[in-house]
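# Summary of structural features
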Amino acid sequence: MNRSARYALRIASLAVALGLWQLLTSRDIDLWLRFSQFPTVTDVAHTFADRLAGPDYWTDLTDSLTRILTGFLLAAVLGVATGVLVARSRLAEDLLGPVLEVIRPVPAIALVPVAILLFPSNEQGIVFITCAAAFFPVLVSTRHAVRALTPVWEEAVRTMGGGRWRVLGSVVLPGALPGVFGGLSVGIGVSWICVISAEMISGQYGVGYRTWQDYTVVDYPGVFVGMVTIGVLGWLTSTAVELLGRRLTRWLPRTAHVPAARPKPAPAGAAPSPARAAVREDTPAHPEEARDEHLVRD
Amino acid sequence: MSTSSETETETETENKNGHGTGTGTGTGTGTTNGTGIETGTGTGTGAEVGGGMGIGIAAADGARPPTGVGTSPRGTRLTLRGATLGHPDAAAVSGVDVDVSPGEILTVVGPSGCGKSTLLRTLAGLLPPLAGTAEQDGHPVDGPGADRALVFQEDALLPWRTLRANVELPLAIQGLPRTERRAQVTAWLERVGLAAQAGQLPHRVSGGQRQRAQLARALAGRPRAVLMDEPFGALDAQTRAGMQDLLVEVLRGTGATVVFVTHDVDEALFLGDRVALLGAGRLTAVREVPRPRDRTAHNAPARLALRRDVLTSLGT
C-alpha cells in the first residue's frame, strides 16, 4: 500500500469515529449507554471555535506545555543518568536501588501531598509530579538497555585506550539509545496523564484545570474541548519523541517494513538500498557490496 | 570465553575446514597425513588466492598511512609466567609460561572452549591472571591500553558508526587532530580495500568487509601488539585465505607483536612464527614453524611433519 493511501485510511478512521459520535449524540440514542446528555460533535466544535478565539485557551495550552516539557526533559536527563549509573556501578545500585524500588510503585499522582509539602509554589509541584511520572519508565528502560549492551563494544574501546568517559560517550549512550527511547515514549504518555491530573487537583490555568472547571460548571462541550486538546497534544508530543528516536537510531538494522524505506519499483532485482541515511553521498552504494569477495577470489 | 554463538561458528567452519585446506594446499601431490581432513582437490587455488591479493596490495601500497609505519621495529614483548587464567569462579588454563618476543607472530591453536580467548583477554589486560603474572616488556599488565589492540571474531565494530568512523575511533581516542585523522583513516581504508565502503554502516557490508574494517581499526591506533581472537573464524574458506594474506601484508613493516588465536591448524601454521598448543587446561607445547607465511611451504616435509604433530597432540 502506498503512502497516501495509508494516510487516507488513517484520516478515514478518525472521520468514522467522529461520525459515529455525531450520529449517536444527535439522535439522542439511549441504549443502556445514554447519549442523550452527551454533547454532539457540532456542539463541541462550536465551543472549540469560541475557545480558540478567546485568550484563556492559549494560556492554558502554553501553561500545560511548559509544565510537561520541563518535567519531561528533567525526567529524561535524570532518568538516563540514574539508569546508566545504576547499571554501571554496583555501589550506585546498592545505594540507590532500594530507595528507587520503594518509590517506584507509588503512582506519581499520589505524590500530590508530597509536592504540596515540598514546593513553595503549585507550579513547581506540578512539574515535580510530571517529572516523577516520566522518570521511572526512562530509568528502568535505560538500566535494561545499558545492561544488555554487547560486551565486546566496550572491550574494543578499552583496548584502544579509551577510558571510562570515552566508553560512556562512545559505547554506552549511543548503544543504549534504542532502549532509552522506548522509555521516553512510555514516559511522555505517563507525563500527560500526570500533568492533567495534577492541574485538575492543584493548578491555576492549564488544560487539565480548565477541563475540571468546565465540569464543575456543567459545561460538557467545554470538557470535551479539553479532552480533544489533551488528545491532540499528547499525540503530537509522543510523535515528536518517536520521530526523534527514529532519527537518532537510524543505524539500527531494520527490516523492510519501514514504510518510507521501501521504494516501489525494484528494477532488475537490484533493490535500492533502504538505509538512505546510512549511505553517504561519497559512496555509490550497491555495486561494491559483493566486491570484497571478488577481490579475494579473482 | 566460548559463547554458544562462537561454538556454532566453530563447528560450521570446522566443516569448511576440509574444503579450505584442500583448496589451499592439494597441489596434486595428494597429501595424506592420516587425519582425514585433507581432501587434496583444489589444485592451484592457493596461487590464485595469492594473485588476487597481489592486486589488492599493489593498489594499497601507494597509500601507506603518512605516519611512517614500519620505520623501526616497535613490537612489544609479552610474557606470561606461571599464569592461571580464567574467570575467578572458573579457571580455564593453568601454569602457562610463554614469552612472545617483539615483532613475533605467535599463533595459539586449540579446540573451542580451551581458554584461547581467555589467554588473549589476559594479555589485553581485560582479565587479570588468577595466579602468576602477565607482563609487557617486563612490566605487569594492569589493564587494557592502546598499545595492545584486540581484534574480535565478529561484531565488534560499533554498529552506529560508519566503517570510516569506526576506524577513526582509536585515533580520536589518541586525540589526533581531525584533518590528520581523516587522512590516516582514508589511507587505512584504502589499504584494506574498503575505500568505497567508507560511509557504510557495518551491518550493510559483508562479514569479510567487517573484519577488514576491524583490522584497519586495530592497526590505525599504531599498537605495539595486536591480539587477534579468531578474527577470520566466521568467514568462508576463500575469504579467509584472502584475509590471511591481507593480514600478512598490512602487518609487514608495523613491527607489531601478534598473538593470533585460531582453531584452524593450517591458519596457525601459515601465520605463526611459532605455534602454541592449548588443550586440556594447559599450554601443551610451543613449536617453531618452518618458513612461516609462505604459501609454497605448505607441503614442505618439515611443515607437514609439524602439522601432523600438532593435529596429533590436539587429539583430532
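Everything numeric in this text was worked out from a predicted model, so none of it was measured. (Residues numbered from 1 in each chain as written. Chains lettered and ligands numbered in written order. Predicted model: local features only at pLDDT ≥ 70, side-chain atom pairs only at ≥ 80, totals over all residues.)

## A few points about helix α8 (residues 164–202) of chain A
Selection criterion: Only DSSP runs of H or I with at least four residues qualify as helices, and only runs of E with at least two residues qualify as strands; both kinds are numbered from the N terminus onward. To estimate the expected span of a helix, subtract one from its residue number and multiply by 1.5 Å. A residue's bend is given by the angle between axes fitted to the 7 residues ending at it and the 7 residues starting at it.
For α8(A), spanning 39 residues, the distance from its first C-alpha to its last is only 44 Å, which falls clearly below the expected 57 Å at 1.5 Å a residue. Along α8(A), the largest kink reaches about 55° and is centred on A:L177; proline A:P178 follows within four residues of it.

## Here's the deal with unusual backbone geometry
Inclusion rule: Any residue whose C-beta has 12 or fewer other C-beta atoms within 10 Å is treated as exposed, any with 20 or more as buried, and any in between as partly exposed, C-beta atoms being built from the backbone.
Of note, A:D28 is a non-glycine position whose phi angle comes to about 50°, a positive value. Of note, A:D28 is situated in the loop between α1 (3–26) and β1 (30–31). Not every positive phi belongs to a glycine, and B:R222 is a case in point at roughly 50°. Here B:R222 is to be found in the loop between α6 (207–220) and β7 (225–229). Judged by the 18 C-beta atoms lying within 10 Å of it, B:R222 is partly exposed.

## Considering the sheet that holds strand β4 (residues 131–136) of chain B
All names here are of chain B. Counted only if it meets this: Pairing between two strands is assigned when DSSP locates at least 2 bridges connecting them. Two residues qualify as a contact pair if the distance between their C-beta atoms, derived from the backbone, is within 7 Å. Only the stretch in contact is used when fitting a helix axis, every axis being a line fitted to C-alpha atoms; angles between N-to-C directions are given from 0 to 180 degrees.
With antiparallel pairing, 4 strands are arranged side by side in an open sheet as β2-β1-β4-β5. Every interior strand has two partners, whereas the edge strands, β2 (90–100) and β5 (139–140), have only one. Across 2 bridges, β4 lies against β5 in antiparallel orientation. In the sheet register, Q136 faces β5, and the bridge partner there is H139. Sheet contacts for helix α3 (residues 116–124): β1 (78–87), β2 and β4; angle to β1, the most-contacted strand, approximately 120°.

## Side note on the domain arrangement of chain A
Heads up, the rule is: How far each domain reaches was decided by an automatic or database domain assignment.
We note that the domain assignment places domain 1 (1–45) and domain 2 (54–248) within chain A. Computed from C-alpha atoms alone, the centre-to-centre distance between domain 1 of chain A and domain 2 of chain A is 32 Å.

## Considering α3(B)
Residues and elements named next belong to chain B. Judged by how many residues are buried, α3 sits mostly within the fold: 9 of 9 residues are covered. Looking at α3, one finds that the buried residues are K116, S117, T118, L119, L120, R121, T122, L123 and A124. With its phi angle positive at about 90°, G125 sits one or two positions after the end of α3.

## Here we look at the nonpolar core
Spelled out, the test is: Residues enter a nonpolar core if they are buried, belong to Ala, Val, Leu, Ile, Met, Phe, Trp, Tyr or Cys, and are joined to the set through C-beta atoms within 7 Å.
Grouped together as the largest cluster of nonpolar side chains are 122 residues, with contacts concentrated most on B:A216, B:V226, B:L227 and B:V259. The element contributing the most residues to this core is helix α6 (residues 122–147) of chain A, with 15 residues.

## Side note on the sheet that holds strand β9 (residues 274–279) of chain B
Residues and elements named next belong to chain B. As summarised here, the arrangement of the 6 strands in space is β6-β7-β8-β3-β9-β10, forming an open sheet in which the pairing is mixed. Where the open sheet ends on each side, the last strands, each with one partner, are β6 (148–151) and β10 (282–288). This sheet shows a mean twist of 15° between the axes of neighbouring strands, independent of strand direction. With 5 bridges connecting them, β7 and strand β8 (residues 257–262) associate as parallel partners. Bridging from a neighbouring strand, D229 pairs with V261 of β8. Along the sheet, α6 contacts β6 and β7; its crossing angle with β6, the most-contacted strand, is approximately 175°.

## A word on the packing of helix α4 (residues 163–173) of chain B against α6(B)
A pair of packed helices can be characterised by two numbers: the angle between their axes and the separation between those axes. Residues and elements named next belong to chain B. Applied cut-off: Working rule for angles: under 35 degrees goes down as roughly parallel, over 145 as roughly antiparallel, 65 to 115 as roughly perpendicular, anything else as oblique. Helix crossings get a hand from a simple test, with the near helix turned counterclockwise from the far one by less than a right angle marking a left-handed crossing and a clockwise turn marking a right-handed one. When residue character is reported, Ala, Val, Leu, Ile, Met, Phe, Trp, Tyr, Cys and Pro are called nonpolar, Asp, Glu, Lys and Arg charged, and the others, Gly included, polar.
Running from amino to carboxyl end, α4 crosses α6 at an angle of 20°, the nearest separation of the two axes being 7 Å. Taken together, the axes of α4 and α6 lie roughly parallel to each other. Crossing geometry of α4 relative to α6 is assigned as right-handed. Across from L163, N166, V167, L169, P170 and L171 in α4, the residues of α6 making contact are A213, A216, R217 and A220. The residue makeup of the contact of α4 with α6, split by class, is 8 nonpolar, 1 polar and 1 charged.

## Focus on the pairing of β9(B)
For a regular strand, side chains alternate in direction, first toward one face of the sheet and then toward the other. Residues and elements named next belong to chain B. Note that strand β3 (residues 105–109) and β9 share 4 bridges and pair parallel. Residue pairing for β9: T107 is matched across the bridge by V275. Across 6 bridges, β9 lies against β10 in antiparallel orientation. The residue of β10 that forms the bridge with A276 is V286. Counted along the chain from β9 to the antiparallel partner β10, the turn is 2 residues long, and its residue A280 has a positive phi close to 50°.

## Considering the confidence of the model for chain B
Residue and element names in this part refer to chain B. To keep it simple, the criterion reads: The predictor attaches a confidence to each residue, called pLDDT, with possible values from 0 through 100.
The predicted model of chain B has a mean per-residue pLDDT of 73, with 77% of residues at 70 or higher. In the model of chain B, helix α2 (residues 45–61) stands out as the element of lowest mean pLDDT, 35, in contrast to α4, which has the highest, 90. Scored below 50 in pLDDT, residues 1–73 makes 116 contacts in the model with residues more than four places away or belonging to other chains. Both scores are given for the predicted complex: the pTM is 0.72, the ipTM 0.71.

## Describing the environment of B:S101
When you line up the elements, B:S101 lands in the loop between β2 and β3. In the structure, B:S101 is positioned 157 residues away from B:V258 in sequence and 9.5 Å away in space, judged by C-alpha atoms.

## Brief notes about the packing of helix α3 (residues 55–88) of chain A against helix α4 (residues 90–103) of chain A
Residue and element names in this part refer to chain A. Where α3 meets α4, the axes come as close as 6 Å, and the angle between the chain directions of the two elements is 125°. In terms of their interaxial angle, α3 and α4 are classed as oblique. Between α3 and α4, the contacting residues are T82, L85 and V86 on the first element and A92, E93, L96 and G97 on the second. Tallied by class, the residues present in the contact of α3 with α4 amount to 4 nonpolar, 2 polar and 1 charged.

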